[in-house]
Amino acid sequence: MKKTKQLFIWIAFILVSASAVAQKQYKYETVAGDPLNARIYTLDNGLKVFMTVYKDAPRIQTFIGVKVGSKNDPAETTGLAHYFEHMMFKGTPNFGTSDWNKEKVLISKIDSLFEIYRVQKDLAKRAATYHLIDSISYAASKIAIPNEYDKLMKAIGSNGTNAATSNDYTMYVEDIPANQIENWAKIQADRFSSPVLRLFHTELETVYEEKNMSLTQDRRKASEAMLKALFPNHPYGKQTTLGETEHLKNPSMKNIREFFAKYYVPNNMAIIMSGDFDPDQTIKIIDENFGKLKSSTVPELKFAIETPITAPIEKDVLGLDAENLTIAYRFNGANSTDALMLEMISNLLNNDKAGLIDVNINQKQTMLGAGTGVYGLKDYSAFILAGTPKEGQTLEEAKKLLLDQIELLKKGQFEDWMLEATINNLVLQKVKEYETNRGRASAILDAFLNDIEWSKAVNTINDMKKITKADIVAFANKNFGSNYVVIYKRQGTPPDVTKVEKPKITPIFINREMESTFLKNIKNSKVPEIKPVFLDYTKDLKQLTAKNNIKIIYKDNSENKTFNLYYYFKMGQFNDPIAEIAMSYLPYLGTSKKTCEQINQEFYRLACDFSVNAGNEETWVTISGLSDKMEKAMSIVEELIADPQANKEALDNLVSDILKSRADAKLNQKANFTALVDYATFGPNSTQRYLLSETELKALKPEQLIAKIKEMMEFEHSILYYGPESPEKLTELVNKLHNVKGTLKTPPTAKVFTEQETNENKVYFAQYDAKQAYLQLLSKGGLYNASMTPSVSLYNAYFGGSMNSIVFQELREKRSLAYTARSTYQTPTYSTKPYMNSSFIATQNDKIFDAFNAYNDLFNNMPESEGTFNLAKDGIISNINTERITRMNIIWNYISAQRRGLSYDIRKDLYAKIPTMTVKDVKLFNEQFIKNKTKTYIILSKEADINFGELEKYGKVIKLTQSDIFGY
């Protein structure tokens, strides 16, 4: 009996030992001195996994990066990488479909038909083929489940669902709760194993809209011209990320499938995670799911090496926006030794305070604005100087000013201390970047996608410390000569561009209530519970009192040695337009002891920042940086506000620049639309029109503005602080340094702007010569009511809040009307302001009436979907459970509550009420506040393309000029 027992024990020991040996061990690399303490795993199939733990909140920022971008597009189907990125949201054989076996037959037919369609030249045959594609696609849509990927993400409580395609890479983004790692991994592994190109032709129409939008964006056109000139032999210059119009008209599903098979392989990908999780457990989960992906050899991109540029290459781009220019030099890629040097040079030229461009151009106001940047790409990079000319200044004159700064750099005409100061400021930037999981994950992602070893990325600052002034001067003289490209973005009517025409598409069938088994399993899975943490303003903040009864709102920073300090005034432009100009004047001034240049240099040396922001209703004086330099930084700001010296030339330049900026705004589509919406909201008494006239501006005197600056500290204000100083030490510093005397005055009464009633249908129209119209619909609600917050939040999440919302499904997914469409019942910022139901869409001029009709149909016949509703409701609760408001955001949350007259965290109301609500509550909200409401229709479009007879069916049409909407 004893021997038998011993035998069993021995056998058990052998089995346990064998199990322990068989259990997979996961090795990882770390980097000495890594502030993120990242672990770097490599799975057997080559997939890289980067993990950095940061328990800021029970959430995890995830990126999946793939080293493939538009440079890898087949030459005959450019835009393919970007289009495939869109298709990655359409599901797999396991989700996004109610019957894959039936659906795949139809998708195969569509695939084959597109191969015929793309090579057909006969227009009648093309039309017939497309009609067949459309009819089969409609049949397939009855089987498909649109946006089920987004439903999956909503089910697990993910935020920030997104993706992006660049020249070199494609990345996929999710911010997930810490208790949903396993579900996230299952979904993503399935998605990256077998994506299905379903609902292909409707998503292609969305890409058309994105392409058409780009055709009137001067900035994009200038950027594409720059890349074309810099890289004539490389795909960076030979093809664009959005693709050629002709290629978008003739897509190939076959090429897309082959593209995926070539490049979306694990040895060409990485998963990056930053947040609250256990790496040992998480790597097992990732391996169990992503370890099944099969590796293969990734095709090497072959391209002809660019020949040196020996003389300036000049190109003109014509567009409606204001004139500007871009100068670009070609360099080696982001993983080269050039990259460190260029980053240092960019900061020596332009750091917003003490760079050559800052001192000689921006502070002296010799241009409207100028700056530099490094456009880092994997195979090559570009060093860029950019600027906007002043009134009466030619682009050629502006170019000379920028190139003059390069010449000063080549001569070494910058202070030696600038190198150390630049390093200190870059260190500060990294500290702030690493305060968020997104910032931490982004840093790792950037390194991976550019083939930079993390060990090298971690030591970037140390490597930059080794750069000497002599190194910079030698590098500049060697590399900055006549070897540049200059793009003159000139103002004028551009040549007519061929937009992607709207094909005849049958709106697809929306299966709202269908759910795949895959989704049901995810929703029914059990995960550890996470409880919410609400703010308690009496405990999470300290209320201090300094001299003159100044209130200090204090939050300690126990994480690092940085600080943020704000002088917060509840007064702005609406209280005193001249004071707003005065605060804009302040950054150009010096004191009786220091020049403006010396003040900015001091801030740069301290690795601290100072800014003034005068808004409509509030003014902020902001000081931030390294905490051990706070006292010195405060002293400089206090001295400047107490002793600003009049500078007539600076004022004349400021006035000139304001007038030039106003003129430039009239050329910009978005600025025109903003002004039009403001006029439609407030009428002739609009906020955009409340400004000093040209005559009033030119009549301003330096002494008048100096008096306004000094007077600012005489008005009531608070101090907001986030930093490591103790409350006692902070109060002591404020009492010592803050230059206030006597009883503080009540701010002057602000001008009141009242939103127009929307009790009759009106149409406000303004002309802008573009192929894409900007549209908005407005209806006014009642004044802010805190008790409505749960209903408003749930309605917004259900109706217009995500890819799974009613608006997205109906306007983009079903009807393919736009790339961008949204609708929000806007909560006012202040308790004295009303709610506004606001809906926006950017669409082609020939789709305006379709868009208005679609919105009205949704408002008046809002679809009811239990599935969509439950996802919206669960998403709100999940976000509250896992959201943690921390650091300076606690103070901002408190300020926001104060504006609405609240004394508590409003999320408590949502958490208590929303779980009890039903879809009937959303329907009731719609009927009470949305359905059949008269409204204001707003259109910014090309007048020649509008049928005004048709437009009058929506209400009285009011045509407005630019003078009407801008007020000047």
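Just so it is clear, the structure is predicted and the values come from calculations on it, not from any experiment.

Scanning the protein from terminus to terminus reveals 39 helices and 24 strands. Since a compact globule built from 968 residues should have a radius of gyration of about 30 Å, the 30 Å found for the protein is in line with a globular shape. Dimensions of the protein along its principal axes, counting C-alpha atoms only, are 90 × 85 × 65 Å. The burial tally for the protein puts 56% of its 968 residues in the buried class. Of the contacts formed within the protein by residues at least 6 apart in sequence, a portion of 84% connects residues at least 24 apart. Positive and negative side-chain charges of the protein, numbering 121 and 117 respectively, have mean locations separated by a distance of 4 Å.

Bringing the side chain of lysine 90 into the picture now. If you trace the backbone, lysine 90 turns up in the loop between helix 2 (80–87) and helix 3 (100–117). For lysine 90, a relative accessible area of 8% translates into the label buried. What lysine 90 contacts, discounting residues up to four positions off in sequence, is Gly96, Val196, Arg198, Glu203 and Glu813.

Inspection of helix 30 (residues 727–737) places Pro727, Leu730, Thr731, Leu733, Val734 and Leu737 among the buried residues, and these make up the whole buried set. Angularly, the buried residues of helix 30 cover 160° about the axis, an arc narrow enough to put them on a single face. Opposite the buried face of helix 30, by more than 90 degrees, sit the exposed residues Glu728 and Lys736. On its buried face, helix 30 sits against strand 13 (542–545), strand 14 (551–556), strand 15 (562–569), helix 25 (630–642) and strand 18 (718–723).

This part is about the packing of aromatic side chains. Tallied over the full model, the rule gives 56 aromatic pairs. On the numbers, 6.1 Å between centres and 85° between planes, the contact of tyrosine 566 with tryptophan 620 is edge-to-face. One end of the pair, tyrosine 566, is in strand 15; the other, tryptophan 620, is in strand 17 (residues 619–626), and 54 residues separate them in sequence. On the basis of an interplanar angle of 25° and a centroid distance of 5.8 Å, the ring pair of tyrosine 855 and phenylalanine 859 is categorised as stacked. Taken together, the positions of tyrosine 855 and phenylalanine 859, both in helix 33 (residues 848–860) and four residues apart, correspond to about one turn of that helix. The class of tyrosine 855 is buried, set by a relative accessible area of 0%. Residue phenylalanine 859 is classed as buried on the basis of its relative accessible area of 1%.

What follows covers the sheet that holds strand 3 (residues 48–53). Overall, mixed pairing links the seven strands, which are arranged 1-2-3-7-4-6-5 in an open sheet. At either margin of the open sheet sits one strand with a lone partner, and together these are strand 1 (28–29) and strand 5 (159–165). Strand direction decides the pairing type here: strand 5 and strand 6 (residues 170–177), joined by five bridges, are antiparallel. Residue pairing for strand 6: asparagine 162 is matched across the bridge by valine 173. Along the sheet, helix 17 (residues 437–449) makes contact with strand 3, strand 4 (59–66), strand 6 and strand 7 (269–275), crossing strand 4 at roughly 15°.

Another aspect to go through is unusual backbone geometry. You will see that leucine 199, though not glycine, has its phi angle at about 50°, which is positive. Within the secondary structure layout, leucine 199 lies in the loop between helix 6 (181–193) and helix 7 (200–214). Judged by its relative accessible area of 12%, leucine 199 is buried. Its identity is not glycine, yet asparagine 548 carries a phi of approximately 60°, on the positive side. Secondary-structure assignment places asparagine 548 in the loop between strand 13 and strand 14.

Turning to the pairing of strand 18, a few remarks are in order. Among the six residues of strand 18, six are classified as buried, and the element is accordingly described as predominantly covered. Because side chains alternate across strand 18, one face comprises the buried residues Ser718, Leu720 and Tyr722, and the other comprises Ile719, Tyr721 and Gly723, equally buried. Pairing between strand 14 and strand 18: five bridges, direction parallel. For lysine 555, the partnering residue across the bridge sits in strand 18 and is tyrosine 722.

Turning to the pattern of salt bridges, a few remarks are in order. Applying the stated criterion across every chain, the model contains 53 salt bridges. Ionic pairing is found between aspartate 280 and arginine 39, a salt bridge with its closest N-O pair at 2.8 Å. Placement of aspartate 280 in helix 12 (residues 279–290) and of arginine 39 in strand 2 (residues 39–42) is noted, with a sequence separation of 241 residues between them. With a relative accessible area of 42%, aspartate 280 lands in the partly exposed category. Here lysine 959 ties to glutamate 943 by a salt bridge, and the two come within 2.8 Å at their closest N and O atoms. Taken together, the residues lysine 959 in strand 24 (residues 956–960) and glutamate 943 in the loop between strand 23 (936–941) and helix 38 (948–951) connect sequence positions 16 residues apart.

Quick look at the state of the cysteines now. Simply put, the disulfide is a covalent bond whose two ends are the sulfur atoms of two cysteines. Applying the stated criterion across every chain yields a total of zero disulfides. You can see cysteine 596 has no disulfide; the closest cysteine sulfur is in cysteine 608, sitting 17 Å from it. A residue is classified by how much of its surface remains accessible, and cysteine 596, at 11% relative accessible area, is buried.

All right, on to the pairing of strand 2 then. Alignment of strand 1 against strand 2, held across two bridges, turns out to be antiparallel. Considered in strand 2, the bridge of tyrosine 28 is made with tyrosine 41. Remark: five residues form the turn of the hairpin made by strand 2 and strand 3, two consecutive strands paired antiparallel; glycine 46 in that turn has positive phi of roughly 95°.

A few words now on the confidence of the model for the protein. The predicted coordinates ought not to be read in detail in places where the model reports low pLDDT. This prediction gives the protein a mean pLDDT of 93; 97% of its residues lie at or above 70. Note on residues 1–21: pLDDT is under 50 here. Beyond four places in sequence and across chains, it has zero contacts.

Running from N to C, helix 32 (residues 806–814) and helix 33 cross one another at 150°; their axes reach a closest spacing of 11 Å. In terms of orientation, helix 32 and helix 33 fall into the roughly antiparallel class. For the pair helix 32 and helix 33, the crossing hand works out as right-handed. Together, Ile806, Val807, Glu810 and Leu811 of helix 32 and Ala854, Tyr855 and Leu858 of helix 33 make up the contact between the two elements.

As a further point, take the sheet that holds strand 22 (residues 834–844). Read across the open sheet, the six strands follow the order 21-22-20-23-19-24; overall the sheet is mixed. A single partner strand is all that each edge strand has here, and the edge strands are strand 21 (820–826) and strand 24. Adjacent strand axes in the sheet meet at a mean angle of 15° when their direction is disregarded. As paired strands, strand 19 (residues 762–767) and strand 23 are joined by six bridges and run parallel to one another. Within strand 23, the residue paired with lysine 762 across the bridge is threonine 936. Sheet contacts for helix 7: strand 20 (772–783), strand 21 and strand 22; angle to strand 22, the most-contacted strand, approximately 90°. Against the sheet, helix 31 (residues 789–799) touches strand 21 and strand 22, its axis set at about 170° to strand 21.

Turning next to the environment of isoleucine 110. Mapping isoleucine 110 onto the fold places it in helix 3. Measuring from C-alpha to C-alpha, the distance between isoleucine 110 and aspartate 134 comes to 8.7 Å, with 24 residues separating the pair along the chain. Setting aside residues no more than four positions away along its own chain, isoleucine 110 makes contact with Ile133, Ile136, Ser137 and Met253.

Moving on, we come to the packing of helix 13 (residues 337–349) against helix 20 (residues 469–479). Angle between the axes and distance between the axes: these two values describe a pair of packed helices. Interhelical geometry of helix 13 versus helix 20 gives an angle of 100° and a closest axis separation of 11 Å. In terms of orientation, helix 13 and helix 20 fall into the roughly perpendicular class. Contacts between helix 13 and helix 20 involve Asp338, Met341, Leu342, Met344, Ile345 and Leu348 from the first element and Asp471, Ile472 and Phe475 from the second. Tallied by class, residues from the contact of helix 13 with helix 20 come to seven nonpolar, no polar and two charged.

Let's shift gears to the side chain of asparagine 255. Tracing the chain through its elements places asparagine 255 in helix 11 (residues 253–263). Looking at asparagine 255, the relative accessible area reads 11%, which means it is buried. The residues touching asparagine 255, leaving out its near neighbours within four places in the chain, are Pro74, Glu76, Thr77, Leu80 and Arg118.

This part covers helix 25. Taking 1.5 Å of rise per residue, 13 residues should cover 18 Å, and helix 25 covers 18 Å from first to last C-alpha, within 8% of that figure. Every buried residue of helix 25 is listed here: Met630, Ala633, Met634, Ile636, Val637, Glu638, Leu640 and Ile641.

Scoring rules and cut-offs
- Residues numbered from 1 in each chain as written.
- Predicted model: local features only at pLDDT ≥ 70, side-chain atom pairs only at ≥ 80, totals over all residues.
- Heavy atoms only, no water.
- Helix = DSSP H or I, 4+ residues; strand = E, 2+ residues; numbered from the N terminus.
- Rg over C-alpha atoms; globule rule 2.2 N^0.38 Å.
- Buried < 20%, exposed > 50% of the residue type's maximum accessible area, 1.4 Å probe, protein only.
- Contact = heavy atoms within 4.5 Å.
- Lys, Arg positive; Asp, Glu negative; His and termini not counted.
- Charge placed at Lys NZ, Arg CZ, Asp CG, Glu CD.
- Arc of directions from axis to C-beta.
- Phe/Tyr/Trp six-rings, centres within 6.5 Å; stacked < 30°, edge-to-face > 60°.
- Pairing = 2+ DSSP bridges.
- Axes fitted to C-alpha atoms, helices over the stretch in contact; angles between N-to-C directions.
- Salt bridge = Lys/Arg side-chain N within 4 Å of Asp/Glu carboxyl O.
- Disulfide = S-S within 2.5 Å.
- pLDDT = per-residue confidence, 0-100.
- Parallel < 35°, antiparallel > 145°, perpendicular 65-115°, else oblique.
- Left-handed = near helix turned anticlockwise from the far one by under 90°.
- Nonpolar A, V, L, I, M, F, W, Y, C, P; charged D, E, K, R; others polar.
- Expected span 1.5 Å × (residues − 1).

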